[in-house]
Structures are given as C-alpha cells and as structure tokens.
Amino acid sequence: MDKLTELLHMIEQDMLPSAAEPYLRLAARYFDLSRNGQQAKPVAPDPESLMQIATKSPPETGRTAKEIVAQMERDLLPNSNWLYHPRCLGHQVSAPLPAAVWAEPIIGALNQSLAVWEMSPMATVLETRLLRWMADLAGFGHDAGGVFTSGGTEATFTALLAARAAALPDAWEEGLAVGAAVVTSEHAHYSVARATAELGMGARNCIALPSAAFREHPERLAAELDRLQAEGRTVVAVVATAGSTATGRFDDLELAGRLCGERSIWLHVDGCHGASALLSAQHRKRLKGLEKADSISWDPHKMMLLPLSTGALLVRDERRLEAAFSQRAPYLFHGQATDRVWDQGVRSFQCSRRADVLKLWIALERYGTAAFGSLYEHLCATTSAIYDSVRRRPVFEAGPEPECNILCFRYIGKGNLDEAELDTLNASMRRRLNGSGLGWITGARVNGRDVLRMTVMNPRTRPSDGEAILDALERDGRARERAGAR
Ligand SMILES: Cc1ncc(COP(=O)(O)O)c(C=O)c1O
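Just so it is clear, the model here is predicted, and its values are computed rather than measured.

Conventions we followed
- Residues numbered from 1 in each chain as written.
- Predicted model: local features only at pLDDT ≥ 70, side-chain atom pairs only at ≥ 80, totals over all residues.
- Helix = DSSP H or I, 4+ residues; strand = E, 2+ residues; numbered from the N terminus.
- Rg over C-alpha atoms; globule rule 2.2 N^0.38 Å.
- Buried ≥ 20, exposed ≤ 12 C-beta atoms within 10 Å, placed from the backbone.
- Core = buried A, V, L, I, M, F, W, Y, C linked by C-beta atoms within 7 Å.
- Domains from an automatic or database assignment.
- Contact = placed C-beta atoms within 7 Å.
- Arc of directions from axis to C-beta.
- Pairing = 2+ DSSP bridges.
- Near = placed C-beta within 6 Å.
- Nonpolar A, V, L, I, M, F, W, Y, C, P; charged D, E, K, R; others polar.
- Axes fitted to C-alpha atoms, helices over the stretch in contact; angles between N-to-C directions.
- Left-handed = near helix turned anticlockwise from the far one by under 90°.
- Expected span 1.5 Å × (residues − 1).

What follows concerns the overall build of the chain. Assigned secondary structure in the chain consists of 15 helices and 14 strands. In terms of overall dimensions, the chain is globule-like: its C-alpha atoms have a radius of gyration of 24 Å, near the 23 Å expected for 486 residues. Once the C-alpha set of the chain is aligned to its principal axes, its extents read approximately 75 × 70 × 45 Å. Of all 486 residues assigned to the chain, the portion counted as buried reaches 43%.

Structure (structure tokens):
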C-alpha cells in the first residue's frame, strides 16, 4: 500500500464508532479514578522530571490508537495536574463539568468556524442566543452583543480595543494620540496592562491606583480621572475588577459606573472570575451596578466550571464592538452595511474560531441554569469554611474575608520571624506542600508580602480537604521554625 492509500484507510478506520472507544474510555477512566481513591494519587507531578520528554520528535510513521492511548494512560494521566483531586486548590482552572467535556469531541468533529455564519450556521445562532442570555443577566438592553473568546485576556484586550475606538476613533487608521491612558487598580489582572501596551498606548499609561481594602479606592479614582482630564489626556477606559485574581474581592461597580458616567469614560468590568455570581441569588449583590459597564469580560471556564477555553466578552452596545474592528473583507464578510451582520468575525479578534459555545450550551441544557447558582454558592461556602479554620489557627494570619472562592493567608508561626523571613518561609512551604503530592495550592503577593492562596474550583472539595492542607502546612511551618530554617 502506498502512503496515501494507507493514510486514507486509517482515516476511514478512525471514523468507525469503535475507534472512539479507547479515547472515550480513557477520559471516562480518568473520571472514574477521580471518583474513586484519588486521595492516593499525587495532586500534581514534579514538572522538572518531565523536561527530558520535551526534546523528543514526533514519529515519522503512525501507530495504533491502542498504543497511543496506552501511552497517554502511562505518561499523560499521572503527569498532569489532577484538577478533580479534592485537594487541588490551585489556580482558577476548573474541575470541568463532565457534560461539557463530552461536548469536546463533537466540537472537534463538526469543526464549525465562528468566523462567519455560513461556516457555522447553528453554532453562530447558539453563540448569539447565549450571549443574549448572558447580556440579559448582566442587565444590558437590547442593543447588547458580544463574542466568545479564548478567555479573559482576549476579552479584555477586545474590550479595550472597543474603548479605544470610542475614545480615539481615528486610532485604527492614523495611529495613537500620545497621552491616552487606562485607569485601573493595583489588583487588576496583568492582562489589563498587557492590553494597554499591545494597543500601542504604552504600558506605563496603564495607571494602577493603590486600592483600599482590596477594592478600587473611590476618592483616588475620582481624583485621578479629574487630574488626567485636567491635563487634557484621554482616559480610554476605567477597568474595575469583579473577583480579583489574588484575593477574589469585588470592586464597587456602582461607584465606578457613576464616576465613569459623569465623565463619559468607558467602563470595562473584568468579571472573568466573578461575573458568574449573576447566577446566584445569594452572591449577585456583589455585582450591583454591573449594568452600568460598557463592557464585561466573563469566563465560563472559571466559576461555571467549563473546560478551557470558554470565555466571553459582552458589550452594552454591539455596534461599538464592531467599530473596534474597522475592516472589510469581502471574501469573508457578506453582510450589508445596513443589516445586523450575523458573522461573529466582525466582532472578534480571531478569524477561525472554535464553537466553544457548544460546551456552555450542553452544560446549561444538561444541568439547568439554577444548578450554576448552586455550584457557585457551594464553592464559596467551602472556601468560607476553610477560611474559618485558618482564623482558628494562631500560626496563620488570615487575609481578607473571601467574597468568592479564593482565600489568602500567611504562616506567621510563633511571631519570632521578621516579614522577609516569613516571605521566604511561606514560599518554601508552598513548594514543599505541592512537592509532597498531598495537596496543591498557589501563592500570591498581597500588600507587598508573600501569602499562600487557595482557590476552590472543584465541587467535590470538602472543608476537611482544606483542613488537611492547613494541618500539613502547620506541621511543616512548626518543624522549620524548630530547625531554625526558613
Ligand atoms: C480577574 C481575571 N481577569 C482575567 C484573567 C485572565 O483570564 P484567561 O486566563 O481566561 O485569559 C484572569 C485569570 O486568572 C483573572 O483572574
């Protein structure tokens, strides 16, 4: 058989239902391991030991699916972070909802590109429908629109591009006026400063104001906006955060909305983490004023527990998103200037784009919208219970009271070490805990100090899992103090 005939034969074979089985069985086996006895497994591998594999080239001739799946079971599963482990309390990446995981092969098989409607007839309709649903939840009116994104970084970039188009309409053609600025707070995600730089405004013109109690500082924000405007500078946008990365705190959106409204400044709310609180009757209050925003980034791959990537950007006025991308591509976009264009490509940074909307659609159809509110509340309640346990332990200093599922704390021990020594000790405690395989947490820099940080992204995590991690940290911290080590 020549190479091409062999390949075509393999493709035919791989289209048989039986060909799907080894792959699906592997994913199902992973879920099964997660349900049973996962406590025995390390939460995460040692990444250093894996580097040697990075140098291997792919094979010139193919292998059987059975061999590949066996290798994945041997090498990939044990060397991946076990997000379904109840003691995996690390970054804001979910233990993904299984129904949405099962959507992945369908997304891949259909391979619909959201660039234009004719390439993704039903997927475009579903994306439009779910964006409408999200915009309604956010309190936006019927001019609203948006686009699914690879995540919050792309959503914020796109929002600031739209804000730039609104503030400096000639920037796309003519380049940038000097002195344009974006104002945010020190706890904003780095994607805000990155987008400011990428948009040609200069990273140092992303002004990150000191915050008050881990929120945007009202007087400072007002004073800074007035100062910039008095200097004749264009404030392209204010970015408020709903659920900040390090501490999970929510800015006062009503206040930010009022300050921006009075000054005709674009308000972007980075709700990547916290916008899902809209689904919870108990937590929705944290987003009061959200409807005043001009744009919102919202990552269902965070607190709605969808697999990566499922992000979204919502804008109060869809036309302002279209204005961000002042391009014509007659070979692709066929809409008339007077119609609403269904092609989502006119609203997206990307051209070819996966139908990630299907994951959200399947998850909502399977579990129902109410379930997502309960999930949100459950993750937050587990976090609060762990926080209470931190507070009961004198060796730890608790960070700000959690407003969602993120909590920060710092080992202070008996109080004999200075702040710099405690920084070193806390950072090393995290490394030892994660290396032990017993649990997995992250760290952050809060108020200029190294702290330990947990994010509860797994509905199967119980308060006792957090307690077990705190026990291990406490034992380690005490032992280090006794040994005089940092
Ligand atoms: C508040 C906030 N904004 C934006 C992002 C970036 O989102 P993504 O990783 O989906 O690009 C994150 C990620 O952690 C975040 O916490």
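Let's shift gears to the nonpolar core. In this structure, Leu160, Val182, Val236, Ala237, Val238, Leu267 and Leu314 are the most contacted members of the largest nonpolar core, which totals 119 residues. Per element, the largest residue contribution to this core is nine residues, and it comes from helix α6 (residues 152-167). Both domains that meet at this core, namely domain 1 (39-44 + 81-99 + 366-486) and domain 2 (113-354), each give it at least three residues. Look past the residues within four positions of Leu267 in its chain and what remains in contact with it is Val238, Ala240, Ala256, Gly257, Cys260, Lys292, Ala293 and Asp294.

The next point concerns helix α10 (residues 253-263). Residues lying three or four places apart along an α-helix face the same way, a consequence of the helix completing one turn every 3.6 residues. Of the residues making up α10, those classed as buried are Leu253, Ala256, Gly257, Leu259 and Cys260. All buried residues of α10 fall inside an arc of 165° around its axis, so they share one side. Exposed positions of α10 whose direction lies more than 90 degrees from the buried face are Gly261 and Glu262. Of the surrounding elements, those touching the buried residues of α10 are β6 (215-216), α9 (218-230), β7 (235-241) and β8 (266-270). With its phi angle positive at about 55°, Ser264 sits one or two positions after the end of α10.

This paragraph deals with the domain arrangement of the chain. By the assigned domains, the chain splits into domain 1 (39-44 + 81-99 + 366-486) and domain 2 (113-354). Taken together, the 25 residues of domain 1 in the interface contact 25 residues of domain 2. Looking at the side of domain 1 that touches domain 2, the elements that each hand over two or more residues are α13 (369-392), β12 (406-411) and β13 (440-446). Ranked by residue count, the leading element in the side of domain 1 that touches domain 2 is α13, at seven residues.

A separate point is the pairing of β7. In terms of residue burial, β7 counts as a mostly covered element, since seven of its seven residues are buried. Where strand β3 (residues 181-185) lies against β7, three bridges are found, and the strand directions are parallel. The partner of Ala181 across the bridge, within β7, is Val235. Alignment of β7 against β8, held across five bridges, turns out to be parallel. Pairing of Val239 across the sheet is with His268, part of β8.

Taken in spatial order, the five strands line up as β1-β13-β14-β12-β11 in an open sheet, and their pairing is mixed. Strands with a single pairing partner mark the edges of an open sheet, and in this sheet they are β1 (88-89) and β11 (396-398).

Around the ligand, the structure places 15 residues, and the nearest of them are Gly151, Gly152, Thr153, His189 and Thr245. Among the residues making up the shell around the ligand, the classes are represented as one nonpolar, 12 polar and two charged.

Working definition: the strands of a sheet are paired by backbone hydrogen bonds and lie parallel or antiparallel to each other. Spatially, β2-β10-β9-β8-β7-β3-β4 is the arrangement adopted by the seven strands of the open sheet, whose pairing is mixed. The open sheet has two free edges, formed respectively by β2 (145-149) and β4 (206-209), since each of these has just one partner strand. When the angles between neighbouring strand axes are averaged without regard to direction, this sheet yields 20°. The sheet contact formed by β8 and strand β9 (residues 295-298) spans three bridges and is parallel. Residue pairing across strands places Asp270 opposite Ser297, the latter belonging to β9. Contacting β2, β3, β7, β8, β9 and β10 (311-315), α6 runs over the sheet at an angle of about 175° to β8.

Tracing the backbone shows Thr424 in helix α14 (residues 419-436). The class of Thr424 is partly exposed, set by 13 C-beta atoms lying within 10 Å. Taking the C-alpha atoms as reference, Thr424 lies 9.9 Å from Arg449; in sequence the two are 25 residues apart.

So, about the packing of α13 against helix α15 (residues 463-483). The geometry of α13 relative to α15 is characterised by a closest axis approach of 8 Å and an angle of 35° between their N-to-C directions. Crossing angle aside, the handedness with which α13 passes α15 is right-handed. Across the interface between the two elements, Thr382, Ala385, Ile386, Ser389 and Val390 of α13 pack against Pro463, Gly466, Glu467 and Leu470 of α15. For the contact of α13 with α15, a count of residues per class yields five nonpolar, three polar and one charged.

End to end, α14 covers 25 Å across 18 residues, agreeing with the expected 26 Å (1.5 Å per residue, within 8%). For α14, every residue scored as buried is listed here: Leu422, Leu425, Asn426, Met429, Arg430, Leu433 and Asn434. When α14 is viewed along its axis, its buried side chains cluster within an angular range of 160° and face the same direction. In α14, the exposed residues that point more than 90 degrees away from the buried face are Ala420, Arg431 and Gly435. Residues of α14 that are buried make contact with β12, β13, β14 (449-455) and α15. Immediately beyond the C-terminal end of α14, within one or two residues, lies Gly437, with a positive phi of roughly 80°.

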